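# Fold and contact review
Below are the chains, spelled out letter by letter.
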Amino acid sequence: MHLYKTMKSFLFDKDYFIDVWDKCIHVFGFIDIDVLEEQKISLVLEHFKIEILGQDFRVLKLTKKEILIEGNLDTIKVIR
């Protein structure tokens, strides 16, 4: 369990991070949601936006700074 706590502490010390695995996309540190659709999600972060494109997106968890999305990911774009 020590490794888990170390990784969690390391990640949450950052302004933001994006994890992608299997059929999930996890974003921590977003400020606002521009678009939330089944095929497109656009999130505003402090210095840029990310645009997530794919199919069958649905939000599994949502908090003030964190979102967990399930779906089939095609592309993630960083927009400055």
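A quick note: this is a predicted structure, and the numbers were derived from the prediction, not measured.

What counts, and at which threshold
Residues numbered from 1 in each chain as written. Predicted model: local features only at pLDDT ≥ 70, side-chain atom pairs only at ≥ 80, totals over all residues. Heavy atoms only, no water. Helix = DSSP H or I, 4+ residues; strand = E, 2+ residues; numbered from the N terminus. Buried < 20%, exposed > 50% of the residue type's maximum accessible area, 1.4 Å probe, protein only. Contact = heavy atoms within 4.5 Å. Areas by Shrake-Rupley, 256 points an atom, 1.4 Å probe, with all protein chains shown as cover. Salt bridge = Lys/Arg side-chain N within 4 Å of Asp/Glu carboxyl O.

### Things to note about the overall build of the protein
Looking only at helices and strands, the protein features one helix and six strands. Overall, the protein shows an N-to-C arrangement of helices and strands of α-β-β-β-β-β-β. Within the protein, buried positions represent 30% of all 80 residues. The contacts of the protein with a sequence gap of at least 6 include a subset with a gap of at least 24, amounting to 38%. Surface summary for the protein: the accessible area is close to 5,700 Å², and the carbon and sulfur share equals 52%.

### Comments concerning the pattern of salt bridges
Under the criterion given, the structure shown has four salt bridges. In this structure, Asp 34 engages Lys 49 in a salt bridge whose closest nitrogen and oxygen atoms are separated by 2.7 Å. Of this pair, Asp 34 sits in strand 3 (residues 32-36) while Lys 49 is found in strand 5 (residues 49-62), placing the two residues 15 residues apart along the sequence. Residue classification places Lys 49 among the partly exposed positions, given a relative accessible area of 33%.

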